[in-house]
Amino acid sequence: MADNGANPRGPRCIALVGPFQSGKTTLLEALLARTNAIQRQGTVDAGTTVGDASKEARHHKMSVEVTVATTRFMGDDYTFLDCPGSVEFVHEMRAALPAVDAAVVVCEADERKVSQLQLVLRELEDLKIPRFLFLNKIDKADRRVRETLKLLQPASRARLLLRQIPIWKNEIITGFVDLALERAFVYREHVPSEVVPLDGEDLSREKEARFTMLETLADHDDELMEQLLEDIPPPRDKVFDDLAKEQRDGLICPVLIGVATRTNGVLRLLKALRHETHGVAETAKRLGVKSGNDPVAYVIKTFHTAHGGKLSVARVLAGQVGDGTTLNSPSQEAGRVSGVLKLVGQVTEKRGPAMAGETVGLGKLDHAKTGETLSAGKKVHPPVAEVAPFAPVLALAISAKDRKDDVKLGLAFTKLVDEDPSLSVHHNPETHEIVVWGQGEMHLRVATERLADRFGVAIERRTPSVGYRETIRKSITQRGRHKKQSGGHGQFGDVVLDIKPLPRSAGFAFEEKITGGVVPRNYIPSVEEGVIDGLKHGPLGFPVVDVAVALTDGSYHAVDSSDMAFRIAGRIGVVEALPQCSPVLLEPIHTVEIVCPSEATAKINAILSGRRGQILSFDTREGWEGWDVVRAKMPESEIGDLIIEVRSATAGVGSFTFKFDHMAELTGKQADQIVAARRAAAAE
Ligand SMILES: Nc1nc2c(ncn2[C@@H]2O[C@H](COP(=O)(O)OP(=O)(O)OP(=O)(O)O)[C@@H](O)[C@H]2O)c(=O)[nH]1
Ligand SMILES: [Mg+2]
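In this text the structure is predicted, and so the values were computed from the model without any measurement.

About the cut-offs
Residues numbered from 1 in each chain as written. Chains lettered and ligands numbered in written order. Predicted model: local features only at pLDDT ≥ 70, side-chain atom pairs only at ≥ 80, totals over all residues. Heavy atoms only, no water. Helix = DSSP H or I, 4+ residues; strand = E, 2+ residues; numbered from the N terminus. Buried < 20%, exposed > 50% of the residue type's maximum accessible area, 1.4 Å probe, protein only. Contact = heavy atoms within 4.5 Å. Areas by Shrake-Rupley, 256 points an atom, 1.4 Å probe, with all protein chains shown as cover. Lys, Arg positive; Asp, Glu negative; His and termini not counted. Charge placed at Lys NZ, Arg CZ, Asp CG, Glu CD. Pairing = 2+ DSSP bridges. Axes fitted to C-alpha atoms, helices over the stretch in contact; angles between N-to-C directions. Expected span 1.5 Å × (residues − 1). Donors = N, O, S within 2.8 Å, 3.2 Å for Na, K, Ca; no water. Salt bridge = Lys/Arg side-chain N within 4 Å of Asp/Glu carboxyl O. Near = heavy atom within 4 Å. Polar contact = N/O pair within 3.5 Å; in protein donor to acceptor, adjacent residues only side chain to side chain. Nonpolar A, V, L, I, M, F, W, Y, C, P; charged D, E, K, R; others polar. Core = buried A, V, L, I, M, F, W, Y, C linked by side-chain atoms within 4.5 Å. Parallel < 35°, antiparallel > 145°, perpendicular 65-115°, else oblique. Left-handed = near helix turned anticlockwise from the far one by under 90°.

Draft legend 1. Inspection of the overall build of the protein chain at higher detail. Looking only at helices and strands, the protein chain has 18 helices and 34 strands in total. Seen through its C-alpha atoms, the protein chain measures out along the principal axes to roughly 110 × 55 × 45 Å. Counting across all 684 residues of the protein chain, residues that qualify as buried make up 54%. Look at the contacts in the protein chain between residues 6 or more apart in sequence, and 73% of them connect residues 24 or more apart. A total accessible area of about 30600 Å² is found for the protein chain, and carbon and sulfur atoms account for 51% of it. Of the side chains in the protein chain, 87 bear a positive and 94 a negative charge, and the two mean positions are spaced by 3 Å.

Here you go:
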């Protein structure tokens, strides 16, 4: 294939993924600089990169969303999707992945990040996306690359295949040998590496490493195996073909090395992408999209711009999408495209219609959602992928500082959740709290910063209330009497109630046992309403559950009795009775399922025990080598910030899901504290 002119595979879409802080945003910068999309390579530390341009990303010096940038290399367009590495923003990456042709997994030689690498590789393996590993920060390497590979291999199902080896001089890596090309390069800062003669010790190391590479390739190619056995040097083209094919088949993951901050190894990476990644035709096939004239596009992400309304980043998988194209999602009309944009981070440029393979911004698709498949044919195209966000793990109660901002807050949340479906918002009618659920502390922090910065809503944050209840342990018979004589009409209601505890989770039962019409029939529903009123706030301050109340007796007055009077009487009866019924606090207990790398299981068990957890089981996690799953029953109050401890015990990769199980009695000091806190809050 000639190295000039457009490649028949057309525009590519490539994801940059990998563990937290491995250098993805820096690599994007290097790729853009090397392809002259930008004049100077910015740095994350100085806050001058194309990626991470949002205020929140700059502030925290980490990616909090996908950055999309299109550039041109040797006649072809490449759109890079720089994905956040933090597990808290993983939904951004997961939603971006389905429609890419390949991924560059940026990683470093750090054993603490192997589990994170495994999580990323799994997503790619499951989606059958070809991938390169870019072993970055090789300027800081203090061990042999081959040792690093051994360290990283357990994270990958595909064989990691070293394609480049470093050239060491005085314990520093000064360049590399490309084993497929059999050529040596010396790094130069911010300019392409220089080809140097391959000789001496480097040559013998190259021979050995190349042989290992070929042997791995030959595992899946009998012809190559024969050539190796017979000592026939395989033609270079064959080696390249094998590399590309075995990578696409998911058998190998080639490993390239470099230094993103200095643009080292970046040109070779671009060339590997050019020669070895397929274009949209293969990707469309993988996704079940038939080529043709009917437009089909996958929405990588959507966001609300400050001035221009909604913008959706989409990859066109078939047909052509231009200004005025009306696109449909499987559920509704997504909108009519108004403006097709080329994106280089936050810099946008109007352009003509987008062809199959291109990744562009589409303006004004008001109803498009992240992860949706849009189409414009006679029949709506089925979704090419469905990416459900992971269940949220951390909650925060929020209110507008100023009550008059309530409506604004509601609208802002609608937009935030539209952009980021891994965030969810619930209204707790009992406590009147707005509770935001997210993927971790930083995720929630960024969400609240966006509320302030982008939507101008100042907010207050609180720990969300736990769903405590109370119940009674003793039965009682209690009279409830309401009598008021004021001027003309008086008020009179009189009831006798039998109150008794019910088994756990039985809820509430009301029964009437009136004989002889001592309480007229038509007032009985009001008595029940009054009883329910009285149970809303028990003597400990919480809703009362698991009680049965029977109306057994009472009296009425022909003139002064009314619905309201009997309702009040019912309430008085309950309110006076409950404190004498030995009230007790109930706390919600959930079943929690924690997943973690096996080496962290002991720590997780300790965390659970420390949080009043009752461990039910631990097993190996099915389909996840080197991972365990621990199940436990745990009080809701202890789950609140559990994720923070779980993450710190598992280098960020542990996670959990939980489900309500039952309510359990809570007594003693802990219960006293909860009741006292409730009283203090009520007195405020
Ligand atoms: N020494 C060295 N440092 C690097 C290299 N590449 C990136 N860094 C530094 O690593 C840190 C993280 O870089 P980023 O580019 O933000 O990493 P990232 O993978 O995009 O981070 P997240 O998106 O937050 O996961 C920054 O301080 C970079 O300057 C490299 O090749 N060598
Ligand atoms: Mg980044």
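Anyway, onward from the coordinates.
Draft legend 2. Seen up close, the sheet that holds strand β25 (residues 459–462). The strand order across the open sheet formed by four strands is β23-β24-β22-β25, and the pairing between neighbours is antiparallel. Taken across any chain shown, the strands that pair with only one partner, and hence form the sheet edges, are β23 (424–428) and β25. On average, each strand axis in the sheet is inclined to that of its neighbour by 35°, with strand direction left out of account. Here β23 pairs with strand β24 (residues 433–438) via five bridges, running antiparallel. By the bridge assignment for β24, histidine 427 is matched with isoleucine 434.

Draft legend 3. Quick peek at helix α13 (residues 524–536). The terminal C-alpha atoms of α13 lie 19 Å apart, and with 13 residues this matches the ideal 18 Å at 1.5 Å per residue to within 8%. For α13, the elements touching its buried residues are β28 (491–501), β29 (508–512), β30 (547–555) and α14 (563–577).

Draft legend 4. Examining the coordination of the magnesium ion (ligand 2) more closely. Every protein donor of the magnesium ion (ligand 2) is accounted for by Thr25 (OG1) and Ser63 (OG), and the metal-donor separations fall at 2.0 Å. You can see threonine 25 sitting in helix α1 (residues 24–34) and its partner serine 63 sitting in the loop between α2 (55–60) and β2 (67–73), a full 38 residues away along the chain. We note that threonine 25, like serine 63, is buried.

Draft legend 5. Seen up close, the pattern of salt bridges. Throughout the structure, instances matching the rule amount to 51 salt bridges. We note a salt bridge from lysine 137 to glutamate 108, for which the minimum N-O separation is 3.5 Å. With lysine 137 in the loop between β5 (131–135) and α5 (145–152) and glutamate 108 in the loop between β4 (102–107) and α4 (114–127), the pair connects residues that are 29 residues apart, well separated along the chain. Using a relative accessible area of 12% as the deciding quantity, one classes glutamate 108 as buried. For aspartate 221, the salt bridge identified is with lysine 238, shortest N-O distance 2.8 Å. Residue aspartate 221 is located in the loop between α6 (200–218) and α7 (222–229), and its partner lysine 238 is located in helix α8 (residues 236–248); the two are separated by 17 residues in the primary sequence. Of the two residues examined, aspartate 221 and lysine 238, each falls in the buried class. Sharing partners across several salt bridges, the network here consists of Glu65, Glu92, Lys301 and Arg450.

Draft legend 6. Region of interest: the sheet that holds β29. If you walk across this open sheet you meet the four strands as β27-β28-β30-β29, and the pairing is mixed. Bordering the open sheet on either side are β27 (476–484) and β29, each of which pairs with just one other strand. Taken over all neighbouring pairs, the strand axes of this sheet differ in orientation by 25° on average, direction set aside. Relative to β30, β29 runs parallel, the two being bridged by five bridges. Bridging from a neighbouring strand, glutamate 512 pairs with leucine 551 of β30. Contacting β28, β29 and β30, α13 crosses the sheet at an angle of about 150° to β29. In the packing of α14 onto the sheet, contacts are made with β27, β28 and β30, and the angle to β28 comes to roughly 40°.

Draft legend 7. Examining the site of ligand 1 more closely. Residues in contact with ligand 1 amount to 19 residues; listed here are only the nearest, Gly23, Lys24, Thr25, Thr26 and Ser63. One of the backbone N or O atoms of serine 22 is found 3.0 Å from an oxygen atom in ligand 1. Between ligand 1 and the protein, one listed contact pairs an oxygen atom with a backbone N or O atom of glycine 85 at 3.1 Å. Relative to its unbound accessible area of 650 Å², ligand 1 is 90% covered by the protein chains. Here the shell around ligand 1 is built from residues that sort into five nonpolar, nine polar and five charged.

Draft legend 8. Quick peek at unusual backbone geometry. The residue glutamine 21 is not glycine, and still its phi comes out positive at about 65°. Mapped onto the elements of the fold, glutamine 21 is located in the loop between β1 (12–17) and α1. According to the relative accessible area criterion, glutamine 21 is partly exposed, its value standing at 40%. Located in the positive-phi region is aspartate 52, a residue other than glycine, with phi close to 55°.

Draft legend 9. Structural detail: the nonpolar core. Judged by nonpolar contacts, the single largest core of 76 residues is most densely connected at Val17, Leu81, Leu124 and Leu133. Excluding residues within four positions of it along the chain, leucine 124 makes contact with Val17, Leu97, Ala103, Val105, Ile129 and Arg131. Residues Ile398, Cys596, Val630 and Ala649 belong to the second largest nonpolar core, which totals 32 residues.

Draft legend 10. Local environment of the packing of α13 against α14. In contact at an axis separation of 7 Å, α13 and α14 are set at 40° when each is read in the N-to-C sense. With respect to α14, the axis of α13 lies oblique. Here the hand of the crossing between α13 and α14 comes out right-handed. Counted together, Ser526, Val527, Glu529, Gly530, Val531, Asp533, Gly534 and Leu535 of α13 and Asp563, Phe566, Arg567, Gly570, Arg571, Val574 and Val575 of α14 form the full contact between these two elements.

Such coordinate-based values are descriptive only and should not be taken to indicate function.
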